[in-house]
Amino acid sequence: MRVLVLGGDGFCGWPTSLYLSDRGHDITVVDNLSRRKIDVELEVESLTPIRPISERLRAWKEVSGRDIGFVNLDLATEYDRLVDVLLELRPDAIVHFAEQRAAPYSMRNEKAKRYTVDNNVRATHNLLVAMVTTGIDASLVHLGTMGVYGYGWSGSAPIPEGYLTVKVPTPDGELEREILHPANPGSVYHMTKTLDQLLFAFYAKNDGLRITDLHQGIVWGTQTDQTIRDERLINRFDYDGDYGTVLNRFLMQAAIGHPLTVHGTGGQTRAFIHIRDTVRCIEIAITNPVADTSKPRVLNQITETHRVLDLAKLVGDAMGAEIAYLPNPRREADENELIVRNDQFLALGLQPTTLSEGLLEEGRDVAARYRDRADLTKIIARSVWKAGMETAEDLMTELPDGLPN
Ligand code: NAD
Ligand code: USQ
């Protein structure tokens, strides 16, 4: 298949591009390299040394013999160029990773909030209009998030895949209706993903676009069978307080002897997926077409759920790290239950990679190998959800030794 990977230079997009290329698909990456620019703004770098995009692509050609195309294009602001790219490449499938994806970054300040909404919503909407205008009959696979459902809303009821059946009282009895699951975003970033959902519902209903929205959990791990083939292909590893996600952060912290930064009680339960399963899920989604074009297909892209504290204990016990209970910089439930349906991916053949000692070791090894690149001052999460919230620094005197400010 001819596939455009929008956001193909990022943490999920790069290994996906390599995986799909390895599987024989014809790949073009479209990316404006904004994530690399945000690293410069935050004065932090991926723990792993990621190479410039041209070097990455050259290395892949050397290693695999396969070409991957690259277009440097801002989806949010370069609409006409996007139309030209679609007309020229006429893709069979478009995978859309290209959004600002960090919740803490999106809550950082006014500029970051506005940037996140402008970038994400405009990028998605431009893409949908461009698909309609060009008449490209590609299937669109978008990376959404589990966070659109919110946490704690459904109690112990399993979270369905996108849609909920409700009973509406009428004078003549009850009517059954299927609705999009109520949106309950926990950050400006997550809010943009709930807005994306409405855009998709409209363009499926009105224009019959074939859309799959993947509600993905937190991705962990670093390497895939392709990125490991040459150091120049290595995937990024974010560990800082804005972009680092919880399990990869714990692995990195343990590897460098930093206490594990549990927010609040650690009672938050979240859904997870390993990067190796992310790339497989994308291929499953693009090669299994949407049957019903009247509404977007929603698949929950997760393989397991864990409580943050349980993960900290697991990593702490395995790697001998202390736990630091920090004031939670976010406004989120202290504790929540989370049961998630993922029947569709299982039915389509996904064989889940679940958390195991071996995979934890891989994360620890990567973190240990590049520990000298870590900037310890970037580890504590400093973006607060609301002005005046207590931060780890406010309590620094009470914190265990070893937490740098
Ligand atoms: P990332 O920031 O590493 O990659 C996103 C890529 O998109 C970057 O290379 C960036 O330069 C590019 N991009 C952003 N805005 C763009 C624009 N306007 N035009 C062109 N390119 C643009 O993020 P990631 O971790 O790879 O996440 C990819 C997608 O998956 C995101 O949409 C995210 O919301 C979703 N997701 C990620 C996770 C996770 O744990 N990483 C979990 C669930 C969902
Ligand atoms: N947390 C800690 N300590 C840390 C970091 C995080 O306790 O050092 C806690 C957070 O408070 C939160 C949970 O761990 O309760 C998850 O935080 P996270 O940063 O790992 O994940 P999140 O902000 O939800 O965002 C990530 C990705 C995002 C994706 C989302 C999937 O950055 O792109 O959409 O995971 S989901 O969480 O399922 O919505």
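Note that the structure is a prediction, hence the values are computed from the model and not measured.

A.B. asks: Give a detailed account of the sheet that holds strand S3 (residues 69–71), specifying residues and quantitative values.
C.D. replies: Here we have 7 strands laid out as an open sheet, ordered S3-S2-S1-S4-S5-S8-S12, and parallel in their pairing. Two strands lie at the open edges of the sheet, namely S3 and strand S12 (297–301), each paired on one side alone. Going from strand to strand, the sheet's axes swing by 20° on average, the running direction of each strand aside. Strand direction decides the pairing type here: strand S1 (residues 2–6) and strand S2 (residues 26–30), joined by 5 bridges, are parallel.

A.B. asks: Help me get a handle on the pattern of salt bridges, residues and values and all.
C.D. replies: Counted by the stated rule, this structure contains 25 salt bridges. Where Lys61 meets Asp67, a salt bridge forms, and the shortest distance between an N and an O atom there is 3.3 Å. When its relative accessible area of 37% is taken as the criterion, Lys61 is described as partly exposed. The class of Asp67 is exposed, set by a relative accessible area of 55%. In this structure, Asp230 and Arg232 form a salt bridge, with 2.8 Å as the shortest nitrogen-oxygen distance. The buried category is assigned to Asp230, whose relative accessible area is 18%. Several salt bridges share partner residues, and in doing so they unite Arg35, Asp39, Arg101, Arg236 and Asp238 into one network.

A.B. asks: For the site of ligand 2, give the residues involved together with the corresponding values.
C.D. replies: Within the structure, ligand 2 sits among 23 residues, and Thr145, Tyr189, Val246, Thr261 and Glu332 are positioned closest to it. Taking Arg101, its main chain carries an N or O atom lying 2.8 Å from an oxygen atom of ligand 2. One of the side-chain N or O atoms of Arg249 is found 2.9 Å from an oxygen atom in ligand 2. Here ligand 2 has 730 Å² of accessible area as a free molecule, and 96% of this is covered by the chains.

A.B. asks: Requested: an account of the site of ligand 1, with residues and values cited.
C.D. replies: Close contacts around ligand 1 come from 28 residues, with Cys12, Asp31, Asn119, Tyr189 and Lys193 the closest. In the model, a nitrogen atom of ligand 1 is placed 3.0 Å from a nitrogen or oxygen of the Asn32 side chain. Note that a nitrogen atom of ligand 1 is positioned 3.0 Å from one of the side-chain N or O atoms of Asp74. For ligand 1, whose accessible area on its own is 830 Å², the fraction buried by protein is 97%. Counting residues per element, the ones that place at least two in the shell around ligand 1 are helix H2 (34–42), strand S5 (139–145), helix H7 (188–207) and strand S9 (218–220). Looking at the shell around ligand 1, its residues break down into 12 nonpolar, 8 polar and 8 charged.

A.B. asks: Run through the sheet that holds S9, naming residues and quoting values.
C.D. replies: The sheet built from 3 strands is open, its strands ordered S9-S11-S13 with mixed pairing. Looking along the sheet, the strands with just one partner apiece sit at the ends: S9 and strand S13 (304–307). When the angles between neighbouring strand axes are averaged without regard to direction, this sheet yields 45°. Here 3 bridges tie S9 to strand S11 (residues 269–274), and the two strands are oriented parallel to one another. Across the sheet, Val219 pairs through a bridge with Ile273, a residue of S11. Strands S11 and S13 of the sheet are contacted by helix H10 (residues 308–319), whose axis makes an angle of about 85° with S13.

A.B. asks: Outline helix H4 (residues 79–89), supporting the account with residue identities and numerical values.
C.D. replies: Looking only at H4, the buried set comprises Leu82, Val83, Val85, Leu86 and Leu89. Relative to the axis of H4, the buried residues are bounded by an arc of 160° and lie together on one face. Exposed side of H4, more than 90 degrees from the buried face: Asp80 and Glu88 are the residues found there. Contacts made by the buried residues of H4 are with S1, S2, S3, strand S4 (93–96) and helix H6 (110–134).

A.B. asks: Outline the nonpolar core, supporting the account with residue identities and numerical values.
C.D. replies: By size, the foremost hydrophobic cluster in this structure holds 38 residues, and its most contacted members are Leu47, Trp220, Tyr239, Leu247, Phe250, Met252 and Val315. In this structure Met252 touches Leu47, Phe237, Tyr239, Ala367, Ala374 and Ile379, once residues within four positions along its chain are discounted. Counting residues in hydrophobic clusters, the runner-up holds 35 residues, among them Cys12, Leu57, Val279 and Ile286.

Basis of the calculations
Residues numbered from 1 in each chain as written. Chains lettered and ligands numbered in written order. Predicted model: local features only at pLDDT ≥ 70, side-chain atom pairs only at ≥ 80, totals over all residues. Heavy atoms only, no water. Pairing = 2+ DSSP bridges. Helix = DSSP H or I, 4+ residues; strand = E, 2+ residues; numbered from the N terminus. Axes fitted to C-alpha atoms, helices over the stretch in contact; angles between N-to-C directions. Salt bridge = Lys/Arg side-chain N within 4 Å of Asp/Glu carboxyl O. Buried < 20%, exposed > 50% of the residue type's maximum accessible area, 1.4 Å probe, protein only. Near = heavy atom within 4 Å. Polar contact = N/O pair within 3.5 Å; in protein donor to acceptor, adjacent residues only side chain to side chain. Areas by Shrake-Rupley, 256 points an atom, 1.4 Å probe, with all protein chains shown as cover. Nonpolar A, V, L, I, M, F, W, Y, C, P; charged D, E, K, R; others polar. Contact = heavy atoms within 4.5 Å. Arc of directions from axis to C-beta. Core = buried A, V, L, I, M, F, W, Y, C linked by side-chain atoms within 4.5 Å.

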